[in-house]
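Single-letter residue listing:
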Amino acid sequence: MNKTRVLYPGSFDPITNGHMDIIERSSKIFGEVNVAVVKNINKNSTFTLQERVEMIEKACKHLDNVKIQYFEGLTVDFAKSIGCSTIIRGLRAVSDFESEMQMSLANKKLDNNIETIFLVADEKYAFLSSSIVREMASYGADISEFVPEVIIDEIKAKYSNK
Ligand code: COA
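Below, the structure is looked at part by part. Worth saying up front: this structure is predicted, and the values here are computed from it rather than measured.

**Notes on the site of the ligand**
Next, step 1: Near the ligand, the surroundings consist of 23 residues, among which Ser 11, Lys 43, Thr 75, Ser 130 and Ser 131 are the closest.
Next, step 2: Leu 128 is positioned such that a nitrogen or oxygen atom in its backbone is 3.2 Å from a nitrogen atom of the ligand.
Next, step 3: For the ligand, an oxygen atom lies 2.3 Å from a polar atom in the side chain of Ser 131.
Next, step 4: Within the complex, the protein chains bury 79% of what would otherwise be the 940 Å² of accessible surface of the ligand.
Next, step 5: The cavity where the ligand resides is the largest pocket.
Next, step 6: At the level of secondary structure, the elements contributing two or more residues to the shell around the ligand comprise β1 (5-10), α1 (17-29), α4 (94-110) and α5 (130-138).

Take a look at the structure:
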């Protein structure tokens, strides 16, 4: 395993098995994976920042080299603050490519030392997103195939209160 420290940023509202696939595979390739929940000013989140961080902590408990954090602001600034120059992103489908390429180029423009590495998502998660999980949960559908088992109750609880 190489010693590179990488950053996997995202909204994780909530974390799904698709995200877990990217985190677990990254943790086998890289020395340290920093999963960071972004306080995104352009997105209203269903779960609070703290809830999202705690759900990822529970889901990643078995992964020794994975750290969970959160930040507000630019991803490149946070990456620099933790001594990291590699960003990991997952690609689920061709449709992800355009926006991911744009973001990667924007990040490079902001900080030329930042590289983005893309992992192709497992095909069984190609359709999956946090909003799909939220929509299923809001109708009381079975989400056990799509999110880590340890956070199912928390997601259900969010919707049973609504
Ligand atoms: N499996 C399952 N779902 C996945 C996935 C995977 N492997 N990869 C992405 N997704 C889904 C997410 O669940 C999310 O779904 P949703 O829209 O239904 O909630 C969607 O794809 C987008 O995911 P996310 O990775 O959270 O990206 P984002 O577009 O919300 O945010 C940031 C991307 C946070 C990295 C980016 O906005 C950012 O860096 N923000 C900070 C400000 C900044 O630096 N901007 C860039 C330069 S200007």
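The structure having been displayed, the exposition proceeds.
**Things to note about the nonpolar core**
Next, step 1: Residues Ile 23, Val 35, Ile 56, Cys 60, Val 66 and Ile 155 are the most contacted members of the largest nonpolar core, which totals 34 residues.
Next, step 2: Where this core is concerned, the elements lending two or more residues are β1, α1, β2 (32-38), α2 (49-59), β3 (66-71), α5 and α6 (152-160).
Next, step 3: Looking at this core, the element that brings in the most residues is α2, giving five residues.
Next, step 4: Apart from the residues lying within four places of it in its own chain, the contact partners of Ile 56 are Phe 12, Ile 15, Val 35, Val 37 and Ile 68.
Next, step 5: Counting 11 residues, the second-largest nonpolar core is a separate cluster that includes Leu 7, Ile 82, Cys 84 and Ile 114.

**Digging into the pairing of β1**
Next, step 1: Summarising burial for β1: five of the six residues are buried, a large majority.
Next, step 2: Considered for its hand, the β-α-β crossover made up of β1, α1 and β2 is right-handed.
Next, step 3: Pairing of β1 with strand β4 (residues 86-91) involves two bridges; the strand directions are parallel. By the bridge assignment, Leu 7 is partnered in β4 with Ile 87.

**What about α2?**
Next, step 1: Every buried residue belonging to α2 is among Leu 49, Arg 52, Val 53, Met 55, Ile 56 and Ala 59, and all of these are buried. Down the axis of α2, the buried set is contained in an arc of 160°. They therefore lie on one face.
Next, step 2: Summarising the contacts, the buried residues of α2 are in contact with α1, β2, β3 and α6.

**Some details on the packing of aromatic side chains**
Next, step 1: This structure, assessed with the given rule, holds three aromatic pairs.
Next, step 2: Plain terms: the ring middles of Tyr 8 and Phe 12 are 5.4 Å apart, the flat faces sit at 75° to each other, and that makes the pair edge-to-face.
Next, step 3: The class for Tyr 8 is buried, based on a relative accessible area of 5%.
Next, step 4: A relative accessible area of 2% places Phe 12 in the buried class.
Next, step 5: Ring centres 4.5 Å apart and planes at 5° place the aromatic pair Phe 71 and Phe 78 in the stacked group. Summarising the burial analysis for this pair, Phe 71 and Phe 78 share the class buried.

Cut-offs and rules
- Residues numbered from 1 in each chain as written.
- Predicted model: local features only at pLDDT ≥ 70, side-chain atom pairs only at ≥ 80, totals over all residues.
- Heavy atoms only, no water.
- Near = heavy atom within 4 Å.
- Polar contact = N/O pair within 3.5 Å; in protein donor to acceptor, adjacent residues only side chain to side chain.
- Areas by Shrake-Rupley, 256 points an atom, 1.4 Å probe, with all protein chains shown as cover.
- 1 Å grid on protein atoms, 1.4 Å probe; cavity = no way out; pocket = protein on both sides within 12 Å on 5 of 7 lines; lining within 4 Å.
- Sits in = over half its atoms within 2 Å of the grid points.
- Helix = DSSP H or I, 4+ residues; strand = E, 2+ residues; numbered from the N terminus.
- Core = buried A, V, L, I, M, F, W, Y, C linked by side-chain atoms within 4.5 Å.
- Buried < 20%, exposed > 50% of the residue type's maximum accessible area, 1.4 Å probe, protein only.
- Contact = heavy atoms within 4.5 Å.
- Right-handed = clockwise from strand over helix to strand, strands pointing away.
- Pairing = 2+ DSSP bridges.
- Arc of directions from axis to C-beta.
- Phe/Tyr/Trp six-rings, centres within 6.5 Å; stacked < 30°, edge-to-face > 60°.

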